[in-house]
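Structural characterization, general
Here are the chains, one letter per residue:
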Amino acid sequence: MKSSEVRRKFVEFFEGKDHAAMRGSSLIPLNDATLLFTNAGMVQFKSVFLGEQERSAPRAVTVQKCVRAGGKHNDLENVGHTARHHTFFEMLGNFSFGDYFKRDAIIWAWEFLTEVMKLPKDKLWVTVFLDDDEAAALWRDVAGVSPDRIVRLGEKDNFWSMGDTGPCGPCSEILIDQGPEVG
């Protein structure tokens, strides 16, 4: 499947969940002296997450070009050594501005990957923050993920933040096991 089809399916899926499709922002953030480049999909919503601006639509879906070349999300030491670390990439994002939280985010992520993208459930693993019992229970009870495929990780891997201050919190990731030959 081509990346353009993945992109289209993602946007269409979340439009079907009442998300307003928005264009990605500039690769060089406007009105933000704290960043040289846009390094995550949420950058264009930073003022909303900080409570400085309100949005008329409570949900959004975007495709955002990102550059990571230093700072908090410094992936440079992994570029060229793994298949998932890049300095320039697109981030597909669905955002809620106080409209939904973990339960719906988990349900929709699982639905998109298993029903739309047709990824095999038995190859998918999820990670949750070390003490996020709520997310672990939702992955198990709502998404139906086997407890032996739910991995608890610490702050380095499963705690998201914009920087040293500002919005932050535990997060989850979904990974696909591509077999022992991939590692």
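Above: the structure in question.
Presented here is a report on the structure given in the accompanying data block. (Residues numbered from 1 in each chain as written. Predicted model: local features only at pLDDT ≥ 70, side-chain atom pairs only at ≥ 80, totals over all residues. Heavy atoms only, no water.)

**Points about the pairing of strand 4 (residues 124–129)**
In terms of residue burial, strand 4 counts as a mostly covered element, since five of its six residues are buried. Direction of pairing for strand 4 relative to strand 8 (residues 173–176): antiparallel, over a ladder of four bridges. Its bridge partner being in strand 8, Trp 125 is matched across the sheet by Leu 175. Pairing between strand 4 and strand 5 (residues 150–153): four bridges, direction parallel. Within the sheet, the bridge partner assigned to Val 128 lies in strand 5 and is Arg 152. On the question of chirality, the crossover connecting strand 4 to the parallel strand 5 by way of helix 4 (residues 133–141) is right-handed. (Buried < 20%, exposed > 50% of the residue type's maximum accessible area, 1.4 Å probe, protein only. Helix = DSSP H or I, 4+ residues; strand = E, 2+ residues; numbered from the N terminus. Pairing = 2+ DSSP bridges. Right-handed = clockwise from strand over helix to strand, strands pointing away.)

**Concerning the sheet that holds strand 2 (residues 59–67)**
Sheet strands pair by backbone hydrogen bonding; their relative direction is either parallel or antiparallel. With mixed pairing, the three strands of this open sheet are ordered in space as 1-2-3. Lying at the two open borders of the sheet, with one neighbouring strand each, are strand 1 (20–21) and strand 3 (88–96). Note: strand 1 against strand 2, two bridges, orientation parallel. Across the sheet, residue Ala 21 finds its bridge partner in strand 2, namely Val 61.

These figures come from the coordinates and say nothing about function on their own.
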